[in-house]
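# Coordinate inspection notes
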Amino acid sequence: MLSEKEKNFGKWVTVVASLLAFMGIGIVDPLLPSIAESIGATHSQVEMLFTSYIFTMAVMMIPIGIVASKVGDKRLIVTGLFVVTIFALLCGFSNSIGALSIFRAGWGFGNSMFLATAMTMLISLSSTPSHAIGLYESAMGLGMAFGPLVGGILGNFSWRYPFYATACLIFLAGLLILFKVKEPKKIITAVDDAKTERPIKQMLHLFTFKPFLQITLSGMFYYYCFFTILAFSPLVLGLSAIQIGFVFFAWGLCLALGSAKIAHSLEARFDSKQVLKGTLFVCAILLILMGIFDSVAIRIVLIILSGLVLGINNALFTTTVMEHSPYERSVTSGAYNFVRWLGAAFAPLVSGLISEHFGMSWPFIVAAILCFAGMGLLFLKLQPFENYLKTHATQIEQSK
């Protein structure tokens, strides 16, 4: 049994490691124009740095989620961080868009080990699941903020330097978790009593479970929108690497504020699904405005403001998904992450292709339409979750 001091220390080290892992997603953001110019790549080609990374991460969420309970959260987290270290270094040594894309895919593989297990470890180390989710989503926001800032500052000298810096920071995070964090024993709660020991059957049944599927598919559409803003908008701003870095640093701070503070306040007062309907509507309107206005100043303001809404959505989607699953958190997290990151994976590449064929405004309009689709899914009437559990109790029992 871990002491409170050990739990708190392990919790904050895991939060810092999460922040560094999420930095790896955004660190490429301000570098896209520089890399495209240096290597001679088109918009769709340079967006492969996001797509290859996120697609690999999404696909690996399923097997990682299945084996997590057997291998152990700490072992997977440490392994993932060391894999990221290797591929981040290889990215820095690359000389072609093809090599960069392949090494970013390897980076995504390492990150999948971390992201599929970090939240479950945080929940085990925290007083309540909502507190852990708030910390996790805050780490995402701050990571998304500092990633572009570090990328912009170092990328002002060379686009290779941010990759080297990330490799060093991730390696230090891996060492901290390996030697300083003690893995907590699995806590069995009242909800966990209904959860089984056969993750593959759980995962398959989870994708037929309508309350879970409704929220997860909505999250997939939403994450397409999220990464249209993060991965595509730097290409339309026409700014230097360091300028883009500061824009997305402000965006990331708003992201952290939205997930850590505003979302928590809204959860305490309203039903999370109802709040998501409103915030997805606001997100769609912001995307439409980004597509309509050509002014760089207006687009910068809209991007920064979108951080607040996206932060709220990140936290509420994660909380709602965890509440609408009858299975173990590692399995639920793996299934949800697979679907939502799949939506994120296609956003950069598709946005690049759309911009090349139809113009720079259309990727935002398409993302807004998908955001409305995600909002519409939440309006579908389903049985109350408790009734659905009773109705499907036999199927859940058979998954044991």
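Our structure is the block above this text.
An account of the accompanying structure is given in this report. Quick caveat: nothing in here was measured; it's all calculated off a predicted structure. (Residues numbered from 1 in each chain as written. Predicted model: local features only at pLDDT ≥ 70, side-chain atom pairs only at ≥ 80, totals over all residues. Heavy atoms only, no water.)

Turning to the overall build of the protein chain, a few remarks are in order. Regarding its fold elements, the protein chain presents 18 helices and zero strands. Across the 400 residues of the protein chain, 58% fall into the buried class. Considering only contacts in the protein chain between residues 6 or more positions apart, those separated by 24 or more positions represent 87%. Accessible surface, the protein chain: about 15400 Å² in total, of which carbon and sulfur atoms supply 69%. (Helix = DSSP H or I, 4+ residues; strand = E, 2+ residues; numbered from the N terminus. Buried < 20%, exposed > 50% of the residue type's maximum accessible area, 1.4 Å probe, protein only. Contact = heavy atoms within 4.5 Å. Areas by Shrake-Rupley, 256 points an atom, 1.4 Å probe, with all protein chains shown as cover.)

The subject of this paragraph is the packing of helix 6 (residues 97–125) against helix 7 (residues 129–155). The interhelical angle for the contact between helix 6 and helix 7, taken along N-to-C directions, is 135°, at an axis separation of 8 Å. By the criterion of interaxial angle, the relationship of helix 6 to helix 7 is oblique. The two elements helix 6 and helix 7 cross, and the hand of that crossing is right-handed. Mapping the contact onto sequence places Leu-115, Ala-118, Met-119, Leu-122 and Ile-123 in helix 6 and Pro-129, Ala-132, Ile-133 and Tyr-136 in helix 7. Residues of the contact of helix 6 with helix 7, tallied by class, amount to nine nonpolar, no polar and no charged. (Axes fitted to C-alpha atoms, helices over the stretch in contact; angles between N-to-C directions. Parallel < 35°, antiparallel > 145°, perpendicular 65-115°, else oblique. Left-handed = near helix turned anticlockwise from the far one by under 90°. Nonpolar A, V, L, I, M, F, W, Y, C, P; charged D, E, K, R; others polar.)

Along the chain, the position of Ser-44 falls in helix 3 (residues 43–46). Judged by relative accessible area, which is 9%, Ser-44 ranks as buried.

Our focus in this paragraph is the packing of aromatic side chains. In the structure shown here, the tally under the stated rule is 22 aromatic pairs. Centroid distance Trp-107 to Phe-163: 6.0 Å. Interplanar angle 70°. Geometry classified as edge-to-face. Of this pair, Trp-107 sits in helix 6 while Phe-163 sits in helix 8 (residues 161–180); the two residues are 56 residues apart in sequence, bridging distant segments of the chain. Trp-107 sits in the buried class, given a relative accessible area of 0%. Overall, the relative accessible area of 0% leaves Phe-163 in the buried class. A network of ring pairs unites the aromatic residues Phe-50, Tyr-222, Tyr-223, Phe-226, Phe-227, Phe-248, Trp-251, Phe-317 and Trp-341 as a single cluster. Its guanidinium or amino end placed over the ring of Tyr-53, Arg-104 lies 4.2 Å from that ring's centre, counting from NZ or CZ. A cation sits over an aromatic face here: Arg-104 above Trp-107, 4.7 Å from the ring centre. (Phe/Tyr/Trp six-rings, centres within 6.5 Å; stacked < 30°, edge-to-face > 60°. Lys NZ or Arg CZ within 6 Å of the ring centre and 35° of its normal.)

Here we come to the pattern of salt bridges. Inspection of every chain in the model, using the stated rule, returns one salt bridge. We note a salt bridge from Arg-299 to Asp-294, for which the minimum N-O separation is 3.8 Å. What makes Arg-299 buried here is its relative accessible area of 6%. On the basis of relative accessibility, which here comes to 59%, the residue Asp-294 falls in the exposed class. (Salt bridge = Lys/Arg side-chain N within 4 Å of Asp/Glu carboxyl O.)

This next bit is on helix 14 (residues 296–323). In this model helix 14 runs 40 Å from its N-terminal to its C-terminal C-alpha over 28 residues, within 8% of the 40 Å that 1.5 Å per residue would give. Where helix 14 bends most, the angle comes to about 25°, and this point is Gly-307. Taken across its 28 residues, helix 14 has 20 buried, putting it largely inside the fold. Where helix 14 begins, one side-chain oxygen reaches toward the backbone nitrogen of Ala-297, 3.4 Å away; that side chain belongs to Ser-295. (Expected span 1.5 Å × (residues − 1). Bend = angle between axes of the 7 residues up to and from the residue. Polar contact = N/O pair within 3.5 Å; in protein donor to acceptor, adjacent residues only side chain to side chain.)

Attention now goes to the side chain of Ser-101. Position of Ser-101 among the secondary structure elements: in helix 6. Residue Ser-101 is classed as buried on the basis of its relative accessible area, which comes to 11%. Apart from residues no more than four positions distant in its own chain, Ser-101 is found in contact with Met-48, Leu-49 and Ser-52.

The next point concerns a nonpolar patch on the surface. Together, Ile-153, Phe-157, Tyr-161 and Phe-246 give the surface a local cluster of nonpolar side chains, amounting to about 450 Å² of exposed area. Inspection of the secondary structure assignment puts Phe-246 in helix 12 (residues 241–269). (Patch = residues over 30% accessible without salt bridge, like charges linked within 9 Å, V, L, I, M, F, W, Y side chains within 5 Å.)

In this section: the packing of helix 10 (residues 210–232) against helix 14. Where helix 10 meets helix 14, the axes come as close as 11 Å, and the angle between the chain directions of the two elements is 155°. Classified by the interaxial angle, the pair formed by helix 10 and helix 14 is roughly antiparallel. For the pair helix 10 and helix 14, the crossing hand works out as left-handed. Contacts from Phe-212, Ile-215, Thr-216, Ser-218, Gly-219, Tyr-222, Tyr-223, Phe-226 and Ile-229 of helix 10 reach helix 14 at Ile-303, Ser-306, Leu-310, Asn-313, Asn-314, Phe-317, Thr-320 and Val-321. Across the contact of helix 10 with helix 14, the residue classes tally to 10 nonpolar, seven polar and no charged.

Phe-227, Trp-251 and Trp-341 are the most contacted members of the largest nonpolar core, which has 121 residues in total. In this structure, Trp-251 is in contact with Met-144, Phe-226, Ile-229, Leu-230, Ile-303, Ile-304, Ser-306, Gly-307 and Leu-310, ignoring residues within four places of it in sequence. (Core = buried A, V, L, I, M, F, W, Y, C linked by side-chain atoms within 4.5 Å.)

In this section: the environment of Trp-341. You can see Trp-341 is positioned in helix 15 (residues 329–358). According to the relative accessible area criterion, Trp-341 is buried, its value standing at 1%. With 284 residues separating them along the chain, Trp-341 and Met-57 place their C-alpha atoms 7.4 Å apart. Ignoring sequence-local partners within four residues, the contact set of Trp-341 consists of Ile-25, Ile-54, Met-57, Ala-58, Met-61, Leu-115, Met-140, Tyr-223 and Phe-227.

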